[in-house]
Structures are given as C-alpha cells and as structure tokens.
Amino acid sequence: MFILDPVLRSDSLDYQTLAMSLLRGEYFLNGKPTAYVSIGYPAFLSGVIYLAGEGQFYIRLVQSVLDTCSALIFFGISRKFLTVRNSLISAALFSLLPSNILYSQTILSEPLFGFFSMAVLYLLLNEKFSESSRYVFFTGLIFGCSVLIRPAYLPVFFLIPLYFFYVRKKTHEVNKNSSALKYILFFSAGMLLVLAPWSIRNKIMVGTFSPGTTSGINFWAGSNPAATGTYYLKPDENLPADYSNEAERDKQYFKLGLDYALSHPLNYLLLGIKKTGYLFSSERMIVIYFLESPPGKTSTEIYRTAEPWFTLLVNIPYFIIMILGTWGLMLLRKNRFFIYGSVITWIITVSLFIALSRYHYVLIPFFILGSVMLIQTGKGFLKEISTAGKIIAALVSLFLLTAWSVEFYLLLK
C-alpha cells in the first residue's frame, strides 16, 4: 500500500470522478447527469473519501479489510463442503492469491462486488434460505446491493425461481407452489427495495429505469462486424438518436447489436467462444493496472513491458487453481445448484456482451473451492467423478490451456 501509486485511468478515473461528484451532491460525468456507471462503487468511494480524505491509501486500506471479510465469509462457504482444516486452507488460498491481493489495491469495483457477491452466496447456501421469509428478504437486500455495484450480476436472479420451484422441492420434499411463490416475492421485494430509488432517479434524470446505461453499448461492442470479443469499439456517431442522450444511445446500440447477432448467428456464436476465452485469459489486466500506459499503446504492448517474474508470480497460481478447480468442482454432490448456477450464469452473461479478464475475479472463489475439494478427495478423485463430469472437466481444461497458449504466443510473438 505504501509502495504502489498507479495513475488513475479508464474505469478507475470514472469511479473517482463520480465519487467526487457525489460529495458535491450530484451524480455527473462530463458535466451531465449520468447512469453510465451504477452508483454502488462510487458511493462506497465517496464514503471513504468523506471520512478519511482524498487519496488512494485509505481506499486501499478499507478494501484490504473488506477483502479479509470476504475471506472469512468464504471460510463459511467452504464449511458447507469441506472439513474445518481444509476450509482454512481454502480461505488461505483466497487471501494469499497474488491477483486477489493486487485487486484490493485498485480503484476498481472488484473488491466491493466480491464481498457482496460472496455474502449472497453464503446466504443462499444457508438452510434458512429455504425456511425463513425474513431471511429470504434480507438475502434479496444484499443481492440488490450487489446489482447496484455490478448490474451484470442481475441475471443471477433467475436462479431464485428455479431453486424454489424445482430444486427446493427435491431437497426439502416441499410440494407447495404457493410457498415457493411467497419466497420469490420476498426475495424480489428485498432486491427492489434497494434498486428502486436508484432506478427512479435514473428515470427522472436520464430517462431510463435501467440501473446502468452500459448494457447496450457493451452488447454492441461484442456484437458488431469489427468485434473481437473484448472491449474494442469505435462508437457510431450517426445513431438514429441523440448520441448525447444516454438512454436513447444505449437503446439504439442494443438494437444494432441485436440486429447483427440475428443476421450473423454463426459469427455471434464464434464471438461468444472468443469472449469466454477472454474471460478466462491470464491476469493481464491486474498486471497492466500497475504499469505505465503511454498514449497509443495497446494492452498487449503494455503487458510485454511487465517484469517476467511479476507476470509469472501473478499468473501461475491462477493457472493452477483454474485447472485443479475445474476437476474439483465435478466432485460436488450437495449444495451445488447455486455454485454451478452462479458460474454458468456469469459465463453466459459475459459471452452475450463483452469480456475482460478482470471479470473472472468473481469466479475465482468457486475454483479455489474446487481445488481444495480435489485435495481433500486425494489420489482417487477420478473414481469419484462421473463419466460426464470427466468429459466436461477435460474439455474445459483443454479450452483453458488453449486460450492461455494462444494468448502468450501472441504476447511473445
């Protein structure tokens, strides 16, 4: 914390600008009311700055504490699957993973979003989630906070009705659809109680109830003739709407992206595979974050300037955890609906829009859990995995190794 002092740019600069705007009693970007970035993380930053003053140090300090709290929650999650000893190993791996430590020292939403999404998972895995309306309502509140930080988390909501109408019936031998509907309504009420004030503000100030106005432009960024799968976009200034109007711009970009996806389904499918590759690519973004970024340089060119030892220190633990975790996740026998569901929903969401390597931050705990599951099972782990599980794990492992090989080949080229 004392040594690192990167220059803020891109998303980090926007977050800080919005945080300072909040302290002036507004939510402006480029001199205009905005919903481009949802309010969750800028509000957190503004709170820290208000209490401790400007500068990155106290933000990093608070995020370090927050990351420690995430590790404690992750220990609780691990106890649903592992022994106490192995749960401690799981929490230690989460705490000491180099990329996790580095993300806590950034002005990015990952540490805050990681904490709330971890809290949501812990609450979802608790037995009370199937039994208490108050508990379900509280879980909805925490879920709403997660969405305020990262709107892309919203599709995870669709796991809730699936759980209550299908999974809960099997695991808890409950057959009443009325009770399932009651719990879904309580969860939704909690979520909406958090999201409604922000959405109403956006409708009044910007012209949309959406929690953020990036979905359309992100969809177009991943669904256009020049799309690469990651964030590469030349905005079309000739939109059939006022380009400076966020709501209309977002709507029109989404329409353009949808038109392209429907008229080029094969290309869109291939882009989805590319996006998944970018999602699970190396920890390049956290390495680049702490490097100088001269104007005109691409991310790959900047990545090349990193010290090899630093690149390896950050990436090798990540690679090991992803491969071991892929196999270990196939060993889950209980409480796996929300584990598998969260991972699959996040991958699908990213593959529909755009992918950045930092988006896999929220998936790391799942693969750490899988890695320790593998260690706990021991040498005979293959006997414990079904044939379908072995095929899935082998294909995913091959996909990951291929994506990393291509990435580093292009990097060293």
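Fair warning: this is a prediction, and the values are worked out from it, not measured in the lab.

**Q** Could you clarify how one ought to interpret the overall build of the chain in this entry?
**A** Looking only at helices and strands, the chain has 19 helices and two strands in total. By the compact-globule yardstick of 22 Å for 413 residues, the chain fits well, its C-alpha radius of gyration being 21 Å. Summarising its shape, the C-alpha atoms of the chain cover approximately 55 × 55 × 50 Å along the three principal directions. Expressed as a percentage of its 413 residues, the buried residues of the chain come to 51%. For the chain, contacts bridging at least 24 residues in sequence account for 74% of all contacts bridging at least 6. Accessible surface for the chain amounts to roughly 19,800 Å². Of this, 68% is attributable to carbon and sulfur atoms. Mean positive and mean negative side-chain charge positions of the chain (34 and 23 charges, respectively) differ by 11 Å.

**Q** Explanation requested: the packing of helix α6 (residues 110–125) against helix α7 (residues 133–149) in the structure shown.
**A** Helix-helix packing is characterised by the crossing angle of the two axes and by the distance between the axes. Running from amino to carboxyl end, α6 crosses α7 at an angle of 155°, the nearest separation of the two axes being 9 Å. The pairing of α6 with α7 is recorded here as roughly antiparallel in orientation. In this structure, the crossing between α6 and α7 has a hand that is left-handed. Counted together, Leu112, Phe113, Phe116, Ser117, Ala119, Val120, Tyr122, Leu123 and Leu124 of α6 and Tyr135, Phe138, Thr139, Ile142, Phe143, Cys145, Ser146 and Ile149 of α7 form the full contact between these two elements. Here the residues of the contact of α6 with α7 are counted per class, giving 14 nonpolar, three polar and no charged.

**Q** I keep staring at helix α17 (residues 364–377) and nothing clicks. Help me out?
**A** The α-helix winds at 3.6 residues per turn, so residues separated by three or four positions along the chain end up facing the same way. Here α17 contains 14 residues, and its C-alpha end-to-end distance of 20 Å stays within 8% of the 20 Å for a straight helix at 1.5 Å per residue. Most of α17 is tucked away: eleven of the 14 residues are buried. Those residues of α17 not exposed but buried are Ile364, Pro365, Phe366, Phe367, Ile368, Leu369, Gly370, Ser371, Val372, Met373 and Leu374. Positive phi shows up at glycine 378, right after α17, with a value of about 90°.

**Q** Looking at this structure, how should I read unusual backbone geometry?
**A** Excluding glycine, a negative phi dihedral is what most residues carry, and trans is how most peptide bonds are arranged. Within the chain, serine 10 stands out as a residue other than glycine whose phi angle is a positive 55°. For serine 10, a relative accessible area of 54% gives the class exposed. Phi is positive for asparagine 335, close to 55°, though the residue is something other than glycine. Counting through the fold element by element, asparagine 335 comes out in the loop between α15 (308–328) and α16 (337–352).

**Q** How do you make sense of the pattern of salt bridges when you look at a structure like this?
**A** When their charged atoms lie close together, side chains carrying opposite charge are able to pair. Enumeration over the complete set of coordinates arrives at six salt bridges. Residue arginine 150 pairs with glutamate 110 through a salt bridge whose shortest N-O separation is 2.8 Å. Residue arginine 150 is located in the loop between α7 and α8 (159–172), and its partner glutamate 110 is located in helix α6; the two are separated by 40 residues in the primary sequence. Salt bridges linked by common partners bring Asp11, Glu110, Arg150 and Arg358 together as one network.

**Q** Can you walk me through the packing of aromatic side chains in this structure?
**A** For any pair of aromatic rings, geometry is given as the distance between the ring centres together with the angle between the planes. Applying the stated criterion across every chain yields a total of 35 aromatic pairs. Centroid distance tryptophan 309 to phenylalanine 310: 5.8 Å. Interplanar angle 70°. Geometry classified as edge-to-face. Residue class for tryptophan 309 comes out exposed when judged on its relative accessible area of 55%. Here arginine 150 stacks its cationic end above the ring of phenylalanine 113, 5.1 Å away from the centre of that ring. The positively charged end of lysine 182 is found above the aromatic ring belonging to tyrosine 183, 5.0 Å away from the centroid.

**Q** What is the right way to read the side chain of arginine 284 from this model?
**A** Of note, arginine 284 is situated in helix α13 (residues 284–289). Residue arginine 284 is classed as buried on the basis of its relative accessible area of 14%. A distance of 3.5 Å separates the side chain of arginine 284 from the side chain of serine 299, its partner in a polar contact. In contact with arginine 284, not counting residues within four places along its chain, are Ser299, Thr300, Tyr303, Ser357 and Glu407.

**Q** Would you take a moment to explain α6 for this structure?
**A** Over its 16 residues, α6 extends 22 Å from the first C-alpha to the last, a length consistent with the 22 Å expected when each residue adds 1.5 Å. The buried fraction of α6 amounts to 15 of the 16 residues, a majority that puts the element mostly inside the structure.

**Q** Whenever I open this one, the packing of helix α2 (residues 40–52) against helix α3 (residues 56–78) confuses me. Can you help?
**A** As a packed pair, α2 and α3 sit with axes 9 Å apart at the nearest point and diverge in direction by 115°. For the crossing formed where α2 meets α3, the hand is right-handed. Residues Tyr41, Phe44, Leu45, Val48, Ile49 and Ala52 of α2 form the contact with α3, whose participating residues are Tyr58, Ile59, Val62 and Gln63. Residue composition of the contact of α2 with α3, by class: nine nonpolar, one polar and no charged.

**Q** What is the right way to read the environment of leucine 93 from this model?
**A** Checked against the element boundaries, leucine 93 lands in helix α4 (residues 84–96). Separated by 255 residues in the primary sequence, leucine 93 and isoleucine 348 have C-alpha atoms spaced 27 Å apart. Apart from residues no more than four positions distant in its own chain, leucine 93 is found in contact with Ile368 and Val372.

**Q** Got a minute to help me understand the side chain of threonine 230 in this structure?
**A** Along the chain, the position of threonine 230 falls in the loop between α10 (215–221) and α11 (246–263). If we skip the residues at most four places from it in the chain, threonine 230 touches Ala221, Tyr278, Ile354, Ala355 and Leu356.

**Q** Can you help me understand the environment of tyrosine 135 in this one?
**A** With respect to the helices and strands, the residue tyrosine 135 is situated in helix α7. In the structure, tyrosine 135 is positioned eleven residues away from leucine 124 in sequence and 9.6 Å away in space, judged by C-alpha atoms. In this structure, tyrosine 135 is in contact with Tyr122, Leu123, Asn126, Lys128 and Phe129, ignoring residues within four places of it in sequence.

Rules behind the numbers
- Residues numbered from 1 in each chain as written.
- Predicted model: local features only at pLDDT ≥ 70, side-chain atom pairs only at ≥ 80, totals over all residues.
- Heavy atoms only, no water.
- Helix = DSSP H or I, 4+ residues; strand = E, 2+ residues; numbered from the N terminus.
- Rg over C-alpha atoms; globule rule 2.2 N^0.38 Å.
- Buried < 20%, exposed > 50% of the residue type's maximum accessible area, 1.4 Å probe, protein only.
- Contact = heavy atoms within 4.5 Å.
- Areas by Shrake-Rupley, 256 points an atom, 1.4 Å probe, with all protein chains shown as cover.
- Lys, Arg positive; Asp, Glu negative; His and termini not counted.
- Charge placed at Lys NZ, Arg CZ, Asp CG, Glu CD.
- Axes fitted to C-alpha atoms, helices over the stretch in contact; angles between N-to-C directions.
- Parallel < 35°, antiparallel > 145°, perpendicular 65-115°, else oblique.
- Left-handed = near helix turned anticlockwise from the far one by under 90°.
- Nonpolar A, V, L, I, M, F, W, Y, C, P; charged D, E, K, R; others polar.
- Expected span 1.5 Å × (residues − 1).
- Salt bridge = Lys/Arg side-chain N within 4 Å of Asp/Glu carboxyl O.
- Phe/Tyr/Trp six-rings, centres within 6.5 Å; stacked < 30°, edge-to-face > 60°.
- Lys NZ or Arg CZ within 6 Å of the ring centre and 35° of its normal.
- Polar contact = N/O pair within 3.5 Å; in protein donor to acceptor, adjacent residues only side chain to side chain.

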